[in-house]
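In case you want the letters, here they are:
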Amino acid sequence: MSENKNEQALRERYDALSAQERREYSLISLKIKRFPVFNRLYGRRAGDELMDKVFEIVSGWLGDGDCIFRLRLNYFNILLRFPRDYEAVFQRMIDINARIRDMDDPRFPCKVYCGFGIYPLEEGVDFLTAQYNADLARIKCPERDFRNSHFEVYGLSIQDAELRYYDLSELVRPAIEQGHIKFYLQPKVDLRTGEVRSAEALMRWEDPVRGMIPVSEFLPVLESNGIIDLADLSVFAQVCATINRWIETYGKKIQISVNLSASMFNYLYFFKQYREVHEKYNTPADCIEFELLESIVLNQVERVTQVVNELREYGFSCSLDDFGSGFSSYSVLTHSEIGVLKIDRSLFQQEGNGRERTILRHIIATARELGMRTVAEGVESRSYVEYLRSLGCDFIQGYVFYRPMPVEEFEERFLRRGETVPLEEIQS
């Protein structure tokens with residue numbers, strides 16, 4: 001089957017399938033994983049020989065009427081009679097993957113792993129669409145980055161997610177320009193007084209037609225399209241304008257924290273953009289706090305120090321968010337003048353767990369000795385409230401008191417009515 005090593009032959013074979021035959025076939029996208037590494041270790045010639053060997057193995061595995069095409073480098077397409085039964089598909093993929101992985105050839109001393117995307121052919125679907133769908137199934141497989149080999153069957157979940165992603169990609173920039181990307185506020189309750197004098201700004205997308213679009217859907221679109229910076233700056237401008245309006249209307253200062261994205265954190269001149277926005281509004285700098293995610297600053301002590309110093313010199317404060325969610329970097333606390341430590345919600349999941357409470361006690365004590373305030377984030381149970389108060393935790397931000405709310409609701413409850421939390425009524 002060596003003559004079939006080109007895309008034109010594949011297209012001709014695909015187009016020759018009758019409507020009946022297409023219901024019996026699947027198009028498989030096969031790619032050898034880590035092939036560039038193999039090439040660098042063993043040379044380009046060995047890489048070509050390996051691909052010839054893979055072609056030979058798969059060819060010998062195929063049945064009558066099936067065919068394989070090597071299109072380029074480590075990328076193959078296979079037209080295969082395939083049952084529509086998932087268990088049968090699963091077993092066949094295990095079989096061919098094992099044959100390739102465990103090939104007995106002294107020229108190739110390492111295991112060879114594959115990614116497979118399977119598209120069951122449908123009537124009326126042209127070749128390029130079928131090939132795209134097979135590639136998409138392989139690329140979008142949830143286990144792609146966690147397993148040596150992986151496979152995925154194309155289905156409605158992949159199709160819908162891809163269409164949804166494209167749809168949101170087209171809408172997100174106009175949404176920023178038209179002010180549909182806005183922010184909600186989640187109050188931080190002072191554990192000494194029960195007052196709310198600060199909150200975190202959380203980005204939200206309120207589409208006038210579709211309603212509220214989940215953060216889990218639009219945030220990856222913002223990040224992958226490179227326009228998370230525009231959204232961040234838009235929300236920051238809205239925060240500045242809101243703080244100013246409240247000072248003018250109520251004579252009250254509310255500190256609002258905004259999240260610094262990984263994109264902005266890693267951009268050397270990010271602060272120039274924030275400074276330009278701030279200078280436009282001239283909002284009191286002590287009303288703004290920047291939150292740095294622990295996962296972003298981990299192992300970047302020098303960059304953290306640079307960012308924190310730049311923000312603090314201007315008058316803004318900084319907090320370290322999600323502390324305790326992963327490999328907590330105490331070196332960041334050692335070298336950076338971060339003023340607030342936000343304890344991650346993962347440490348408020350096991351009521352009565354003595355080990356959890358010991359960790360909380362030491363984190364809060366460490367923060368206090370370093371002159372840092374502490375915020376317990378994601379607290380949902382009242383049993384934690386009294387314990388956190390006894391440890392000297394400064395604030396709680398969580399559903400136990402308040403969910404994120406629209407700016408208008410926050411304004412009504414805490415600036416007009418002066419709502420507070422009656423801490424003395426909360427039983428442990």
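Refer to the structure above for everything that follows.
What counts, and where the lines are drawn
Residues numbered from 1 in each chain as written. Predicted model: local features only at pLDDT ≥ 70, side-chain atom pairs only at ≥ 80, totals over all residues. Heavy atoms only, no water. Axes fitted to C-alpha atoms, helices over the stretch in contact; angles between N-to-C directions. Helix = DSSP H or I, 4+ residues; strand = E, 2+ residues; numbered from the N terminus. Parallel < 35°, antiparallel > 145°, perpendicular 65-115°, else oblique. Left-handed = near helix turned anticlockwise from the far one by under 90°. Contact = heavy atoms within 4.5 Å. Nonpolar A, V, L, I, M, F, W, Y, C, P; charged D, E, K, R; others polar. Pairing = 2+ DSSP bridges. Expected span 1.5 Å × (residues − 1). Buried < 20%, exposed > 50% of the residue type's maximum accessible area, 1.4 Å probe, protein only.

*Asks:* Please clarify how the packing of helix α15 (residues 354-369) against helix α16 (residues 383-391) should be interpreted in this entry.
*Replies:* Following both chains from N to C, one finds α15 and α16 inclined at 40 degrees, their axes separated by 10 Å at the closest point. Relative to α16, the element α15 is oriented oblique. In the crossing of α15 with α16, the sense of the turn from one axis to the other is right-handed. Contacts between α15 and α16 involve Glu356, Arg357, Leu360, Arg361, Ile364 and Arg368 from the former and Ser383, Tyr384, Tyr387, Leu388 and Leu391 from the latter. Its residues assigned to classes, the contact of α15 with α16 shows 6 nonpolar, 1 polar and 4 charged.

*Asks:* How do you make sense of the sheet that holds strand β3 (residues 75-81) when you look at a structure like this?
*Replies:* Within a sheet, each strand pairs with its neighbour through backbone hydrogen bonds, oriented either parallel or antiparallel. Spatial ordering of the open sheet is given by β2-β3-β1-β4-β5, a layout of 5 strands whose pairing is mixed. Looking along the sheet, the strands with just one partner apiece sit at the ends: β2 (67-72) and β5 (150-153). Neighbour-to-neighbour, the strand axes of the sheet open up by a mean angle of 20 degrees, direction not taken into account. Helix α4 (residues 44-61) rests against β1 (25-32), β2 and β3 of the sheet, and its axis sits at about 160 degrees to β2.

*Asks:* Explain helix α13 (residues 301-314) here, please?
*Replies:* It helps to recall that an α-helix has 3.6 residues per turn; residues three or four apart then point in one direction. For α13, which comprises 14 residues, the first-to-last C-alpha distance of 20 Å matches the rise-based estimate of 20 Å (1.5 Å per residue) to within 8%. Within α13 the residues assigned to the buried category are Arg303, Val304, Thr305, Val307, Val308 and Leu311. A positive phi of about 115 degrees marks glycine 315, the residue just after α13.

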